[in-house]
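Residue strings, one per chain:
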Amino acid sequence: MPVYYDTQIDSALMLGTAQYPSPAIMAQAFHAAQAGIATVSLRREGGAGQDFHKLIKGLNIPVLPNTAGCHSVREAVTTAQMARELFETPWIKLEIIRDDDTLCPDVVALVEAARILSDDGFQVFPYCTEDLSVCGRLVDAGCRVLMPWGAPIGSGRGLNNVYGLRSVRAHFPDIPLVVDAGIGLPSHAAQAMELGYDGVLLNTAVAKAGDPVAMARAMALAIEAGRLAHQATPIEARDMAAPSTPVFGMAALGQGGMA
Amino acid sequence: MTETTILGAGVMGLAIATELTSRGIRPRIIDPAGKPGSHACSWRAGGMLAPYCEGESAEPVVLRLGRDAADWWQAQGTEVIRRGTLVLAPSRDRAELDRFARLTESHSALDAAGIAELEPELEGRFSRGLFYATEAHLNPRAALLTLRDRLAEQGIQIETEGTPSGLVIDARGYAARDQLPDLRGVRGEMLVLRCPEVNLTRTVRLLHPRIPLYVVGRGDGIYMIGATMLETGGKYRVTARSAVEMLNAAYALHPGFAEAEILELGSDARPAFPDNLPRLRRRGSTLFANGLYRHGYLLAPALARMTADYLTTGKKPEFMDEDHP
């Protein structure tokens, strides 16, 4: 199970808290997912109300506050400081958006904010792209977790660049890696885990499903399946068939018109 | 029947008063404002009677309890406009339309020609839509004032102060939060525009992954545009961001809104329980009727009926919640 900044978490699934039909359904989804961490936005989408924060705390799992909706270094740093006070945690999921249509991470601002926050004692979970140079800069800035995207937030497109995500895994074998955003289906989540990622963060795929509770359970099962598959050392794909039973020496059925 | 006092002259309080009066119980109503007005979140509601569209995110019971709401309001003398709901999405957000269709019922699919036939001014702007022919809307402020007037005709005035007597029905919405710890506020922001150049004849919803919008006509070129859904608790004013986003979305729906005059920017807290469903809750001699969430006009008639049934026959309502915190 993943360890983020010396804290062991009992599940590889981080689940977001926005966009559910009701807080009651959100709580049921968290239960069904057995999620290890709840992410919460301090700004718009997840909400900043005390009532809602009380509901999040009531989930009784570690909270990872995020800076969703921030567009600049300064905004993100201020939001992180508020989050630290409100949730009494040094954890911050750092998210700085360049463009509202793609919700693409502003990786330049991200590196700068990650350094400021790490120097200030924060434990930063940066939402980044799968670019190796950016990931390296973030580690240099003090990040001990990386959260590359699978696809744009809320798009449900799965892992757009499997090669890139595999490269990040290979280049940072000792850094916990979480695929954050873009997951639409359990198979996407399983694939991330099969690549050897330590966790998956998702929200929309569960919250906006017709039955969020059932989808939460499906995601939990898929993540567990992917995690086990990676540990089991999967076979390599190959171009030619490789029969699971030897054919040499078998009775030559079918020759001579047995039918 | 013992004496009954209703606290709050918003949609919940007035609907209960109306339903009780029709059954021969004459309640007192206390509201410090003395009349329906902007202190109640129902004053800023959209007034959509759209049980099928709400099924996108609401539990099936909302559809069941809301189906008769239009008839109830009409029976109280309120003008109910029964022209259905048109649901649209820009072509790049088609997936939103597919999702909405999958999660709701009683709609028909429209192509560009079908949309233009219903709303000629939207011709050429949208290629696909959904039409919910049986849905309706009303003007919330007119509806509340009609209830108030009808009660006044029967001698029931809204008192601005006084001590509640007998059984107290607390229908104060979010203001009852001091007594209902699991009640929360879901913030909604709305705008009222005057735009005679725009002629939309029915409620239009524009789907968008971040900024879903609805436009409800109020007649005379006036439109209500709403509404955000933010888990941010109490009352605040409209943020610049919400205003900009809603106006952008309105402009995307119909460019004529660019020339609109902004008559009003409003924000309030919808009272909601954790499951976003309403309920009655008895505490001693107080009966709380609350948690209408975003379904004030849709569910107030059903909750008022349950309240009246409970008081007249002792019948336990479907949404009675006897738990004690």
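Quantities reported herein were computed from a predicted structural model and do not represent experimental measurements.

Opposite the 27 residues of chain B that make contact, chain A presents 21 residues. Regarding the contact of chain B and chain A, the summed buried area is about 1,800 Å², with carbon and sulfur atoms giving 45% of it. When residues of chain B are sorted by the area they lose upon contact with chain A, R210(B), E231(B) and R241(B) head the list and together hold 31% of the total. On inspection of chain B and its partner chain A, the count reaches 0 salt bridges. Those elements that provide at least two residues to the side of chain B that touches chain A are helix 5 (94–103), strand 11 (184–194) and helix 8 (240–253) of chain B. In terms of residue count, the dominant contributor to the side of chain B that touches chain A is helix 8 of chain B (3 residues).

As a further point, take the pairing of strand 13 (residues 213–219) of chain B. Residues and elements named next belong to chain B. In terms of burial, strand 13 is a largely internal element, 5 of the 7 residues being buried. Pairing of strand 12 (residues 203–206) with strand 13 involves 3 bridges; the strand directions are antiparallel. Each residue of the ladder has a partner; that of V204, found in strand 13, is V215. The turn linking strand 12 back onto strand 13 is made up of 6 residues. Counted between consecutive antiparallel strands, the loop separating strand 13 from strand 14 (residues 222–226) contains 2 residues, among which D220 sits at a positive phi close to 55 degrees.

All told, the structure shown has 0 disulfides over all chains when counted by the stated rule. Summary of cysteine pairing: C104(A) is not part of a disulfide, and the nearest cysteine sulfur, belonging to C128(A), is at 11 Å.

In this section: empty space enclosed by the protein. Scanning the entire structure with this criterion turns up 1 cavity of 30 Å³ or more. Every residue lining the largest cavity is listed: P21(A), S22(A), S57(B), A58(B), E59(B), V62(B), D275(B), N276(B), L277(B), Y293(B) and H295(B). Looking at the lining of the largest cavity, its residues break down into 5 nonpolar, 4 polar and 2 charged.

Here we come to the packing of aromatic side chains. All names here are of chain B. Tallied over the full model, the rule gives 7 aromatic pairs over all chains. Ring centres of W73 and Y297 lie 5.4 Å apart, and the angle between their planes is 40 degrees; this geometry places the pair in the tilted category. Placement of the pair is W73 in helix 4 (residues 69–75) and Y297 in helix 9 (residues 296–313), with a sequence separation of 224 residues. The residues W73 and Y297 share a single accessibility class, namely buried. Ring centres of F100 and Y132 lie 6.2 Å apart, and the angle between their planes is 90 degrees; on these two criteria the pair is classed as edge-to-face. Placement of F100 in helix 5 and of Y132 in strand 7 (residues 128–132) is noted, with a sequence separation of 32 residues between them. Using a relative accessible area of 3% as the deciding quantity, one classes F100 as buried.

Once that is clear, we can look at the domain arrangement of chain B. Residues and elements named next belong to chain B. For chain B, the domain assignment lists domain 1 (4–66 + 138–181 + 274–323) and domain 2 (85–133 + 184–272). Counting from both sides, the interface comprises 30 residues of domain 1 and, opposite them, 31 residues of domain 2. Roughly 2,400 Å² is buried in total at the junction of domain 1 and domain 2, and carbon and sulfur atoms are behind 59% of that figure. Ranking the residues of domain 1 by area buried against domain 2 places R44, E56 and Y174 at the top, with a combined share of 27%. Here domain 1 and domain 2 share 4 salt bridges between them. Note that D268 and R44 form a salt bridge whose closest N and O atoms lie 2.6 Å from each other. Taken together, the links from domain 1 to domain 2 amount to 9 residue pairs in polar contact (both at pLDDT 80 or more).

What counts, and at which threshold
- Per chain, the residues get numbers from 1 upward, laid out in the order the sequence is written.
- The naming scheme follows written order: chains are lettered A onward, ligands numbered 1 onward.
- A pLDDT threshold of at least 70 governs which residues receive local features in this predicted model, and a stricter bar of 80 or more applies before side-chain atom pairs are shown or counted, although totals over entire chains, interfaces and linings include all residues.
- To get the side-chain values, take all heavy atoms of the structure and skip hydrogens and water.
- Any two residues whose heavy atoms approach within 4.5 Å are treated as being in contact.
- Defined here as a combined quantity, buried area equals the accessible surface (1.4 Å probe) lost by two parts on assembly, summed across both.
- The salt bridge definition used is simple: a Lys or Arg side-chain nitrogen within 4 Å of an Asp or Glu carboxyl oxygen.
- Put simply, DSSP H or I for four residues or longer makes a helix, DSSP E for two residues or longer makes a strand, and each gets a number counted from the N terminus.
- Each residue is placed in one exposure class: buried if its accessible area under a 1.4 Å probe, protein chains only, is under 20% of its type's maximum, exposed if it is over 50%, and partly exposed if it falls in between.
- Any two strands between which DSSP finds at least two bridges are classified as paired.
- Whenever a pair of cysteine sulfur atoms sits within 2.5 Å, that pair is classed as a disulfide.
- Detection works on a 1 Å grid of protein atoms alone, calling trapped sets that fit a 1.4 Å probe cavities and calling open sets with protein on both sides within 12 Å along at least five of seven lines pockets, with lining residues defined by an atom within 4 Å of a point.
- Grid points are joined across faces, edges and corners, and a volume is the space filled by probe spheres set on the points.
- Throughout this entry, Asp, Glu, Lys and Arg are counted as charged residues, while Ala, Val, Leu, Ile, Met, Phe, Trp, Tyr, Cys and Pro are counted as nonpolar. The remaining residues, Gly among them, count as polar.
- Ring geometry is summarised as follows: Phe, Tyr and Trp rings, the Trp one being its six-membered ring, pair when their centres sit within 6.5 Å, and such pairs are stacked at plane angles under 30 degrees, edge-to-face over 60 and tilted between the two.
- Throughout, the edges of the domains are those of an automatic or database domain assignment.
- Here a polar contact means two N or O atoms within 3.5 Å. Within protein one must be a hydrogen donor candidate and the other an acceptor candidate, and residues neighboring in sequence count only if both atoms are side-chain atoms.

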